[in-house]
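Chain by chain, the residues:
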Amino acid sequence: MPYTYAERVNCMGNSAIRELLKVTEQPQIISFAGGLPAPELFPLKEIQESYAQVLGTGDPSVLQYGTTEGYLPLREEIAAQMRIIGIQAEAENIFLTNGSQQGLDLITKLFIDPGDVVLLQNPSYLGAIQTFRSYQANFETIPTGGTGIDSAALELSIKLNRPKIIYLTPTYQNPTGTTLTIEERKTVLRIASKYNIPIIEDDPYGELHYDNSSILPIRSFSTEDEVVYLGTFSKTLAPGLRLGWIVGGKDLITKLVVAKQGTDLHTSTLLQKATHYYLTHFNPTQHIERIRQAYKIRRDLMLKELKDNFNDQAIWTEPSGGMFIWLTLPEAYDTLKLLPYALARNVAFVPGANFYTDGKSYSNMRLNFSNPSPLQIKQGVKRLASILPNY
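These figures come from a predicted structure and were not determined experimentally. (Residues numbered from 1 in each chain as written. Predicted model: local features only at pLDDT ≥ 70, side-chain atom pairs only at ≥ 80, totals over all residues. Heavy atoms only, no water.)

(A) Representation of the overall build of the protein chain. Within the protein chain, the secondary structure is distributed over 12 helices and 15 strands. Against the globule reference of 21 Å for 391 residues, the protein chain gives a C-alpha radius of gyration of 21 Å, in line with a compact fold. Seen through its principal axes, the protein chain has C-alpha atoms that stretch 60 × 60 × 55 Å. Residues classed as buried in the protein chain amount to 54% of the 391 residues present. In the protein chain, the share of contacts with a sequence separation of at least 24, taken over all contacts with a separation of at least 6, comes to 76%. Side chains of the protein chain give 36 positive and 39 negative charges; the mean places of these two sets differ by 4 Å. (Helix = DSSP H or I, 4+ residues; strand = E, 2+ residues; numbered from the N terminus. Rg over C-alpha atoms; globule rule 2.2 N^0.38 Å. Buried < 20%, exposed > 50% of the residue type's maximum accessible area, 1.4 Å probe, protein only. Contact = heavy atoms within 4.5 Å. Lys, Arg positive; Asp, Glu negative; His and termini not counted. Charge placed at Lys NZ, Arg CZ, Asp CG, Glu CD.)

Below you can see the structure in the form of structure tokens.
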């Protein structure tokens, strides 16, 4: 029998990247499509020992229900890490989630009614667009000019559109790899605070910097809890763990507890305790440095190969961190139509249209450099360049 679904189901759509990854799992495909870390860099032995140690104590509480906010020692450890990057936080400000994607969903559930406006970067993270759409949000994009964010236009947009929240990935953004300057961060914060609009700062890549020291998060400049910060272990530890966190004020945390209780009660107790063991008994800083060194080599190689093979056929970003390069072809190209040609040559990318709220920009593509091997990067970029003359 046919079901009568809620109206919001009509606003839900499959993730283009998740669907594309089904194709790129084929062993012959060189994939620049996923935002995947390099699996050979996962701290597999350390995580294995962490689980063994936690289970080996004979304490049955590791398999018991836990508090919705999360395991207190882990929240204390994360709060200490937050203070290192300039975010003043205690355990009571930390809320643990099943990856930062769940954090984004819970925050959207708390803030967005159907028809509310979300102000965000253009292009922006596909997973965020997907979440906002599922709660029937409308979109406006942050105005930019030749020197970055246009503060006057931003303030005018806020006055006209009255957004409920501002969503930003300010550091090594997905998909472009670009980073907001300190001045841009302060400008957005000042204007958002003036109009009492929360900023959702999604920061999965902040620790993956390759050229200079890290840049301070927007929340580090905040004094009134105007900024809700999302963090995750997916890019620095392992995405399969599905463990993230939210930094927020006490009132927000209280409401997040209620929202999460209606979703999944709490994040896995065993996972939280094993992660806490890893953080306090091994050397996560050394592990992250190892990742940085490997990804820097791959980023530099992809930039070199793009220069050698694409020459004047395209322009691209040169990110100082993160996992992505944003490549733009001449306007005559449509990367949605180009993708089947690429797949026929056993190479994959994500068409740029997926990252725009209106899906109307066709000449861009997102390239991931963290997951493919150096040899795959060399081969894959050459294959991409070779299909353009025949398109």
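Having seen the structure, we can now continue with the description.
(B) A look at the pairing of strand β2 (residues 94-97). Burial of β2 is two-sided: the residues Ile-94 and Leu-96 facing one way and the residues Phe-95 and Thr-97 facing the other way are all buried. As judged from the four bridges shared by β2 and strand β10 (residues 244-247), these two strands associate in the antiparallel manner. The partner of Thr-97 across the bridge, within β10, is Gly-244. (Pairing = 2+ DSSP bridges.)

(C) Structural context of the pairing of strand β3 (residues 117-120). Because side chains alternate across β3, one face comprises the buried residues Val-117 and Leu-119, and the other comprises Val-118 and Leu-120, equally buried. As paired elements, β3 and strand β4 (residues 138-141) share four bridges and run parallel to each other. Bridged to Val-117 within β4 is Asn-138. Handedness of the crossover is the feature at issue here: the chain leaves β3, passes through helix α5 (residues 126-134), returns alongside β4, and the resulting connection is right-handed. Here β3 pairs with strand β7 (residues 165-168) via three bridges, running parallel. (Right-handed = clockwise from strand over helix to strand, strands pointing away.)

(D) Seen up close, unusual backbone geometry. Omega for the peptide link from Asn-122 to Pro-123 comes to 5°, which places this bond in the cis form. For Pro-123, the location among the structural elements is in the loop between β3 and α5. Looking along the chain, the bond that leaves Asn-174 and enters Pro-175 is cis, with omega of 25°. Tracing the sequence through the fold places Pro-175 in the loop between β7 and α7 (182-194). A positive phi angle, near 65°, is found at Gln-136, a position not held by glycine. Note on placement: Gln-136 falls in the loop between α5 and β4. In this structure, Asn-311 takes a positive phi of about 50° despite not being glycine. With respect to the helices and strands, Asn-311 occurs in the loop between α10 (284-310) and β11 (315-316).

(E) Region of interest: the side chain of Thr-108. Examined against the element boundaries, Thr-108 turns out to sit in helix α4 (residues 99-111). In this structure Thr-108 touches Thr-131, Phe-132 and Tyr-135, once residues within four positions along its chain are discounted.

(F) Quick peek at the packing of aromatic side chains. By the definition in use, this model includes nine aromatic pairs. Judged by centre distance (5.8 Å) and plane angle (85°), the ring pair of Tyr-205 and Phe-324 falls under edge-to-face. Taken as a pair, Tyr-205 in the loop between β8 (199-202) and β9 (227-232) and Phe-324 in strand β12 (residues 324-328) lie far apart in primary sequence, 119 residues in all. On the basis of relative accessible area, Tyr-205 is assigned to the buried category, the value being 4%. Residues Tyr-277 and Phe-282 carry aromatic rings whose centres are separated by 6.4 Å and whose planes lie at 65° to one another, so their mutual orientation is edge-to-face. Under the relative-accessibility criterion, Tyr-277 is labelled buried at 17%. (Phe/Tyr/Trp six-rings, centres within 6.5 Å; stacked < 30°, edge-to-face > 60°.)

(G) α4, seen in detail. Taking 1.5 Å of rise per residue, the 13 residues of α4 would be expected to cover 18 Å, and the 19 Å separating its terminal C-alpha atoms lies within 8% of that figure. Among the residues of α4, those classed as buried are Gly-99, Ser-100, Gln-102, Gly-103, Leu-104, Leu-106, Ile-107 and Thr-108. (Expected span 1.5 Å × (residues − 1).)

(H) Examining the sheet that holds strand β15 (residues 364-368) more closely. Taken together, four strands build an open sheet; the order of strands is β11-β12-β15-β14 and the sheet is antiparallel. The open sheet has two edge strands with one neighbour each: β11 and β14 (350-351). Looking at chain direction, β11 and β12 are connected through two bridges and run antiparallel. Across the sheet, the residue bridging to Ile-315 is Thr-328, located in β12.

(I) Up close: the environment of Ala-52. If you trace the backbone, Ala-52 turns up in helix α2 (residues 44-56). For Ala-52, a relative accessible area of 46% translates into the label partly exposed. For the pair Ala-52 and Ser-157, spaced 105 residues apart in the sequence, the C-alpha separation amounts to 53 Å.

(J) Geometry of the nonpolar core. Tyr-295, Phe-310 and Leu-384 are the most contacted members of the largest nonpolar core, which totals 38 residues. For this core, the elements supplying multiple residues, two or more each, are α10, β12, α11 (335-344), β15 and α12 (374-387). The contact partners of Tyr-295, leaving out residues within four places of it in the chain, are Pro-37, Ala-38, Leu-41, Leu-208, Tyr-210, Met-323, Phe-369 and Ser-370. (Core = buried A, V, L, I, M, F, W, Y, C linked by side-chain atoms within 4.5 Å.)

(K) The arrangement of the pattern of salt bridges in detail. Going through the model one piece at a time under the given rule, you end up with 15 salt bridges. Between Lys-260 and Asp-264 there is a salt bridge, and its shortest N-O distance comes to 3.0 Å. Classification of Asp-264 by relative accessible area gives partly exposed; the value is 24%. When salt bridges that share partners are traced, they join Asp-211, Lys-296, Arg-299 and Asp-300 into one network. (Salt bridge = Lys/Arg side-chain N within 4 Å of Asp/Glu carboxyl O.)

Coordinates in, geometry out; function isn't part of it.
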